[in-house]
Amino acid sequence: MGFSTQKTSESNINHAIAGAASGFITRFLSQPLDVVKIRFQLQVEPISRSHTSKYKSVSQAFMLILKEEGPIALWKGHVPAQLLSITYGMTQFYSYNVFNQMFQVLQIKNWYHTTHFIAGAGAGSIATIVSFPFDTVRTRLVAQSSNHQVYNGILHSCRLIFRQESPKVFFSGLLPTLLQIAPHTGLQFAFYNFFTDVYKKCTSDTNTNIYNSMLSGSCAGLLAKTIVYPFDLARKRLQIQGFEHGRKGFGKYFQCNGLMDCLKITVKEESIQGLFKGLIPSQVKAVITTALHFTVYEQVLLLIQM
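Residues numbered from 1 in each chain as written. Predicted model: local features only at pLDDT ≥ 70, side-chain atom pairs only at ≥ 80, totals over all residues. Heavy atoms only, no water.

Heads up, the rule is: UniProt positions are given in the numbering used here, feature names are shortened, and annotations may be inferred rather than shown by experiment.
Taking an unreviewed UniProt entry as the reference, the protein chain is identified by name as Mitochondrial thiamine pyrophosphate carrier belonging to Cardiocondyla obscurior. Here is the UniProt Function (unreviewed entry) comment for the protein chain, exactly as written: "Mitochondrial transporter mediating uptake of thiamine diphosphate into mitochondria. It is not clear if the antiporter activity is affected by the membrane potential or by the proton electrochemical gradient." Recorded under Catalytic activity (unreviewed entry), the UniProt text for the protein chain is reproduced unchanged: "thiamine phosphate(out) + thiamine diphosphate(in) = thiamine phosphate(in) + thiamine diphosphate(out)".

### Some words on a nonpolar patch on the surface
Stated formally: Here a patch means residues that are over 30% exposed by relative accessible area and free of salt bridges, tied together within 9 Å if like-charged and within 5 Å if nonpolar (Val, Leu, Ile, Met, Phe, Trp, Tyr). The accessible surface values rely on the Shrake-Rupley method and a 1.4 Å probe; as for residues, cover is taken only from the protein chains in view. Throughout this description, the term salt bridge denotes a Lys or Arg side-chain nitrogen within 4 Å of a carboxyl oxygen of Asp or Glu. In this text, helices come from DSSP runs of H or I with a minimum length of four residues, and strands from runs of E with a minimum of two, each type numbered from the N-terminal end.
Nonpolar side chains collect at one region of the surface, where Phe 24, Ile 25, Phe 28, Leu 29 and Trp 75 lie side by side and expose about 470 Å² of accessible area between them. Locating Leu 29 in the fold gives a position in helix 1 (residues 12-42).

### Here we look at the nonpolar core
Put simply, the test is: Side-chain atoms within 4.5 Å link the members of a nonpolar core, which is a set of buried Ala, Val, Leu, Ile, Met, Phe, Trp, Tyr and Cys residues. Classification of residues uses two cut-offs on accessible area relative to the type maximum, computed with a 1.4 Å probe and protein chains only: under 20% is buried, over 50% is exposed, and between them is partly exposed. We call two residues in contact whenever any of their non-hydrogen atoms come within 4.5 Å of each other.
By size, the foremost hydrophobic cluster in this structure holds 28 residues, and its most contacted members are Val 36, Tyr 55, Ile 65, Tyr 151, Ile 240 and Phe 243. Broken down by secondary-structure element, the contributors of at least two residues to this core are helix 1, helix 2 (58-69), helix 4 (112-143) and helix 5 (154-164). Ranked by residue count, the leading element in this core is helix 1, at 6 residues. The contacts of Ile 65, once residues within four sequence positions are left out, are Val 35, Val 36, Arg 39, Tyr 55, Gly 70, Ala 73 and Leu 74.

### What to know about the state of the cysteines
What we call a disulfide is simply a covalent bond connecting the sulfur atoms of a pair of cysteines. For clarity, the cut-off: Here, the term disulfide refers to a pair of cysteine sulfur atoms separated by no more than 2.5 Å.
Tallied over the full model, the rule gives 0 disulfides. Of the cysteine sulfurs around Cys 262, a residue in no disulfide, the closest is that of Cys 256, at 4.1 Å.

### What to know about the packing of helix 4 against helix 5
Operational definition: Orientation is described by lines fitted to C-alpha atoms, with helices fitted over the stretch in contact, and by angles between N-to-C directions that extend from 0 to 180 degrees. Every angle not falling under 35 degrees, over 145, or within 65 to 115 is termed oblique; those three ranges are roughly parallel, roughly antiparallel and roughly perpendicular. All residues other than Ala, Val, Leu, Ile, Met, Phe, Trp, Tyr, Cys, Pro, Asp, Glu, Lys and Arg, Gly among them, are scored as polar; the first ten of these are nonpolar and the last four charged.
At their nearest, the axes of helix 4 and helix 5 sit 10 Å apart, and the two run at 105° to each other. Here helix 4 is positioned roughly perpendicular relative to helix 5, judged by the angle of their axes. Residue-level inspection shows Val 137, Arg 140 and Leu 141 of helix 4 in contact with helix 5, the latter providing Ile 154, Ser 157, Cys 158 and Ile 161. Taken together, the residues of the contact of helix 4 with helix 5 sort by class into 5 nonpolar, 1 polar and 1 charged.

### As for the environment of Leu 174
The topology assignment puts Leu 174 in helix 6 (residues 174-203). With 46 residues separating them along the chain, Leu 174 and Thr 128 place their C-alpha atoms 8.3 Å apart. Excluding its chain neighbours within four sequence positions, the residues that come into contact with Leu 174 are Thr 128, Ile 129 and Phe 132.

### Side note on the side chain of Ser 30
Rule in force here: Throughout this description, a polar contact denotes any pair of N or O atoms lying within 3.5 Å of each other; where both atoms belong to protein, one of them has to be capable of donating a hydrogen while the other can accept it, and for residues adjacent in sequence the pair is counted only when both atoms sit in side chains.
Here Ser 30 is to be found in helix 1. In terms of polar contacts, Ser 30 uses its side chain to reach the backbone carbonyl oxygen of Thr 26, at 2.8 Å.

Have a look at this one:
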């Protein structure tokens, strides 16, 4: 069953449950790649074997984290990450289905892929706002060194942020996130529906099976993530502002004031390539997670409806 054949009579709660399950499973399997990606994004020094940077490549980063911090570090920040993924997945697919029902009522048929893009963009924006505090806490926990720990878990980090900084900090980087997420999610859903339709035409299979979901999700995730990546990097760098004491041992601390300042300083100090730091693990993660996200969602929804 693909998005293009869903009926408006289907319960929106089913889509929320399937989305939550999809977020949980996908997050658990992809967390190590996310940890490496965030470490790359927050490193000011070049990611190069010929430089004295802490992290020089994907494989070297994995091995160094395992050596210095142990295997558990690859799932650092996993609890808030799971809360983020479950909340995001549930809200995203619920909202997406609601938006699609609205378009069906309006009987918009000529702009098929455009409506999927708009529905995805709207759903991604709503899900981002609802789940964003979990993302900030997750980033702080992943960013800190195990040898210079500031936070001892999700509740401790929330208390310290409230006490020492401001509740506004939980939404630091929300603007670049929305600028990234709206087109990113819109492109994901639009590309996913496009590739599922192409697969059906090539195989004469009218159903969206596991193979179709995996292949279409992989292509959609790769293209969407690459297009909006600089905003993802800016979001992570904005989320660690004021957290200099927790970044000891990771090299130079990146400081900026707002989205445009973050992008300008990054280009000035690290060149255009700096805007794409961590792109490779991010692309790998996007291919895996988007494929899993749509596939698990589709299969859980089928189980619920049986």
